[in-house]
Amino acid sequence: MLNDNCIFCKIIKGEIPSTKIYEDDDMLIIKDLNPQAKIHYLLLPKEHYANILEMTEEQSVKLAKCIKKLSTMVDELGLEEGFRLISNKGKYGCQSVEHLHIHILGGNQLADKMC
Ligand code: AMP
Ligand code: ZN
């Protein structure tokens, strides 16, 4: 189920433009509009749920499948030297879009401390 008021659902439906890197039945990988590293992609599950606390068992299986798929695409995505996956949640996590997403950061040396 997608949500009419959600910016990532609109991207998934093609109502808002994005730079698509990869798409299949379960997920979309797009370029982040405001990159925090040389490579900054967002993995968007094609179902609307805000975060892992709202995720159903079935959605967690699909998300695991997406991450497994991502692991096979590391070289073609330019992430062969390493990368970081982040999923922000809530106020302290500074989540700004309430549709679960995983930041994929890489392409250059990242900071050794995250906060
Ligand atoms: P978060 O702060 O963890 O919720 O991450 C939301 C991310 O979505 C931020 O890194 C934004 O730069 C990114 N973002 C917001 N709108 C768009 C958009 N239309 N296309 C691509 N990335 C976006
Ligand atoms: Zn959504």
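Residues numbered from 1 in each chain as written. Chains lettered and ligands numbered in written order. Predicted model: local features only at pLDDT ≥ 70, side-chain atom pairs only at ≥ 80, totals over all residues. Heavy atoms only, no water.

A closer look at the layout of surface pockets
Approximately 420 Å³ is the volume found for the largest pocket. Lining of the largest pocket is provided by 22 residues; of these, F8, D32, L33, N34 and L42 occupy positions nearest its centre. Sorting the residues of the lining of the largest pocket by element identifies α1 (7-13), β2 (27-31) and β3 (39-45) as the ones contributing at least two each. Of the residues forming the lining of the largest pocket, the biggest block, 3 residues, is contributed by α1. (1 Å grid on protein atoms, 1.4 Å probe; cavity = no way out; pocket = protein on both sides within 12 Å on 5 of 7 lines; lining within 4 Å. Points joined across faces, edges and corners; volume = space filled by probe spheres on them. Helix = DSSP H or I, 4+ residues; strand = E, 2+ residues; numbered from the N terminus.)

Focus on the site of ligand 1
With respect to spatial proximity, 16 residues lie near ligand 1, and among them D32, N88, S96, H101 and H103 are the closest. S96 is positioned with one of its backbone polar atoms (N or O) 2.7 Å from an oxygen atom of ligand 1. In this structure, an oxygen atom belonging to ligand 1 sits 3.0 Å away from a side-chain N or O atom of H101. Coverage of ligand 1 by the protein chains reaches 84% of its 500 Å² of free accessible surface. Put simply, ligand 1 lies in the largest pocket. Of all the secondary-structure elements, those providing two or more residues to the shell around ligand 1 are α1 and β2. The element contributing the most residues to the shell around ligand 1 is α1, with 3 residues. Grouping the constituent residues of the shell around ligand 1 by class yields 8 nonpolar, 6 polar and 2 charged. (Near = heavy atom within 4 Å. Polar contact = N/O pair within 3.5 Å; in protein donor to acceptor, adjacent residues only side chain to side chain. Areas by Shrake-Rupley, 256 points an atom, 1.4 Å probe, with all protein chains shown as cover. Sits in = over half its atoms within 2 Å of the grid points. Nonpolar A, V, L, I, M, F, W, Y, C, P; charged D, E, K, R; others polar.)

Thoughts on the coordination of the zinc ion (ligand 2)
Note on the zinc ion (ligand 2): its protein donors are C6 (SG), C9 (SG), H48 (ND1) and H99 (ND1). The metal-donor distances range over 2.1 to 2.3 Å. Taken together, the 4 donor atoms coordinating the zinc ion (ligand 2) and their angles of 105 to 116° define a geometry best described as tetrahedral. A relative accessible area of 0% places C9 in the buried class. (Donors = N, O, S within 2.8 Å, 3.2 Å for Na, K, Ca; no water. Tetrahedral: all angles 85-135°; square planar, octahedral: opposite > 155°, others 65-115°. Buried < 20%, exposed > 50% of the residue type's maximum accessible area, 1.4 Å probe, protein only.)

A look at the nonpolar core
Ranked by internal contacts, the top residues of the largest apolar core, which has 17 residues, are I29, L43 and I104. Secondary structure elements with two or more residues in this core: β2, β3, α2 (57-71) and β5 (102-106). Look past the residues within four positions of I29 in its chain and what remains in contact with it is T19, K20, I21, Y22, Y41, L42, L43, L70, M73 and I104. The next biggest cluster of nonpolar side chains, apart from the first, holds 10 residues, and it includes C6, C9, L28 and V97. (Core = buried A, V, L, I, M, F, W, Y, C linked by side-chain atoms within 4.5 Å. Contact = heavy atoms within 4.5 Å.)

Let's talk about unusual backbone geometry
Among all residues except glycine, the phi angle is most often negative; among peptide bonds, the trans geometry is most common. Phi is positive for C94, which is not a glycine, with a value near 60°. With respect to the helices, strands and loops of the structure, C94 is situated in the loop between α3 (90-93) and β5. By relative accessible area, which is 60% here, C94 ends up exposed.

So, to be careful, I would describe these as geometric facts and stop short of saying anything about function.
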